[in-house]
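Letter by letter, the chains look like this.
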Amino acid sequence: MPPTKTVKDYIRTIVDFPHEGIMFRDVTTLFADARGFRMAIDQLLHPYAGMRFDKVVGLEARGFILGGAIAHQLSVGFVPVRKKGKLPGAVISEEYTLEYGEAVVEIHDDAIEAGEKILLVDDLLATGGTAEAGLKLIERLGGETIGCAFIIDLPDLGGRQKLEAMGMDVHALCAFDGL
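Residues numbered from 1 in each chain as written. Predicted model: local features only at pLDDT ≥ 70, side-chain atom pairs only at ≥ 80, totals over all residues. Heavy atoms only, no water.

In the annotation of an unreviewed UniProt entry, the entry for the protein reads Adenine phosphoribosyltransferase, and the organism field reads Marivita hallyeonensis. The protein has a UniProt comment under Subcellular location (unreviewed entry) that states "Cytoplasm". The Function (unreviewed entry) field of the UniProt record for the protein holds the comment "Catalyzes a salvage reaction resulting in the formation of AMP, that is energically less costly than de novo synthesis." (UniProt positions renumbered as here; feature names shortened; annotations may be inferred.)

Undergrad: Just to check I follow, could you spell out the overall build of the protein for this structure?
TA: Looking only at helices and strands, the protein has five helices and nine strands in total. Reading the protein from its N terminus to its C terminus gives the helix and strand order β-β-α-α-β-α-β-β-β-β-α-β-α-β. Here the C-alpha radius of gyration of the protein, 16 Å, is about what a compact globule of 179 residues would show, namely 16 Å. Oriented by its inertia axes, the alpha-carbon framework of the protein measures out at about 50 × 40 × 30 Å. Within the protein, buried positions represent 43% of all 179 residues. Pairs at least 24 residues apart make up 57% of the contacts formed inside the protein by residues separated by at least 6 positions. Accessible surface computed for the protein: about 9,200 Å², of which carbon and sulfur atoms make up 52%. Treating the 18 positive side-chain charges of the protein as one cloud and the 27 negative ones as another, the clouds have centres 4 Å apart. (Helix = DSSP H or I, 4+ residues; strand = E, 2+ residues; numbered from the N terminus. Rg over C-alpha atoms; globule rule 2.2 N^0.38 Å. Buried < 20%, exposed > 50% of the residue type's maximum accessible area, 1.4 Å probe, protein only. Contact = heavy atoms within 4.5 Å. Areas by Shrake-Rupley, 256 points an atom, 1.4 Å probe, with all protein chains shown as cover. Lys, Arg positive; Asp, Glu negative; His and termini not counted. Charge placed at Lys NZ, Arg CZ, Asp CG, Glu CD.)

Undergrad: Where do I start with the sheet that holds strand 7 (residues 117-125) in this structure?
TA: Hydrogen bonds between backbone atoms are what pair the strands of a sheet, whose relative direction is either parallel or antiparallel. Across the sheet, which stays open at both edges, the seven strands sit in the order 5-6-4-3-7-8-9 with mixed pairing between neighbours. Among the strands making up the open sheet, the edge pair consists of strand 5 (91-98) and strand 9 (170-175). Strand-to-strand, the axes of this sheet are offset by a mean angle of 20°, without reference to chain direction. In the sheet, strand 3 (residues 55-59) pairs with strand 7 via four bridges, with the strands oriented parallel. When the sheet's bridge partners are listed, G58 is paired in strand 7 with V121. Set on the sheet, helix 3 (residues 62-74) makes contact with strand 3, strand 4 (77-83), strand 7 and strand 8 (144-153); between it and strand 7 the angle comes to about 140°. Together, strand 3, strand 4, strand 5, strand 6 (101-108), strand 7 and strand 8 form the strand contacts of helix 4 (residues 129-140), whose direction differs from that of strand 5 by roughly 155°. (Pairing = 2+ DSSP bridges. Axes fitted to C-alpha atoms, helices over the stretch in contact; angles between N-to-C directions.)

Next comes the structure, spelled out in structure tokens:
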């Protein structure tokens, strides 16, 4: 019997993308495989079995793919956190620091009601800057984030520690060393 594949086995590594020295972890190969994608969604949900969520928040852009699938599975709404200027209507914004500058993410100002239970999802946890900004937006709208779920953790970049220091429960399906 052949060995069982893990989520990590479906992820392709592209060397020197988008810059020299970066090992890009490409989850599109995971998304393209029906079994792999199903496995990832099921495993992202597993730690939260029996818990009630009102909404799933996905971070741009691969978090939209995961978040939509997870929200469907939970029969709850999905809320996107997008780059500045991409959402129509009234929004609130949160600025955060990148390794090469600053960025801003936004959420509709009516996307979450006070007291709603939220699961935040994205494909990759690196420095935690985008996730931290998303969490701050959720908090500003009165939502209560119950957990943060990621496919990949890059532990050398410290994102998990940053989110855990904020009191967040962090779940990742696999980890890769380095950048």
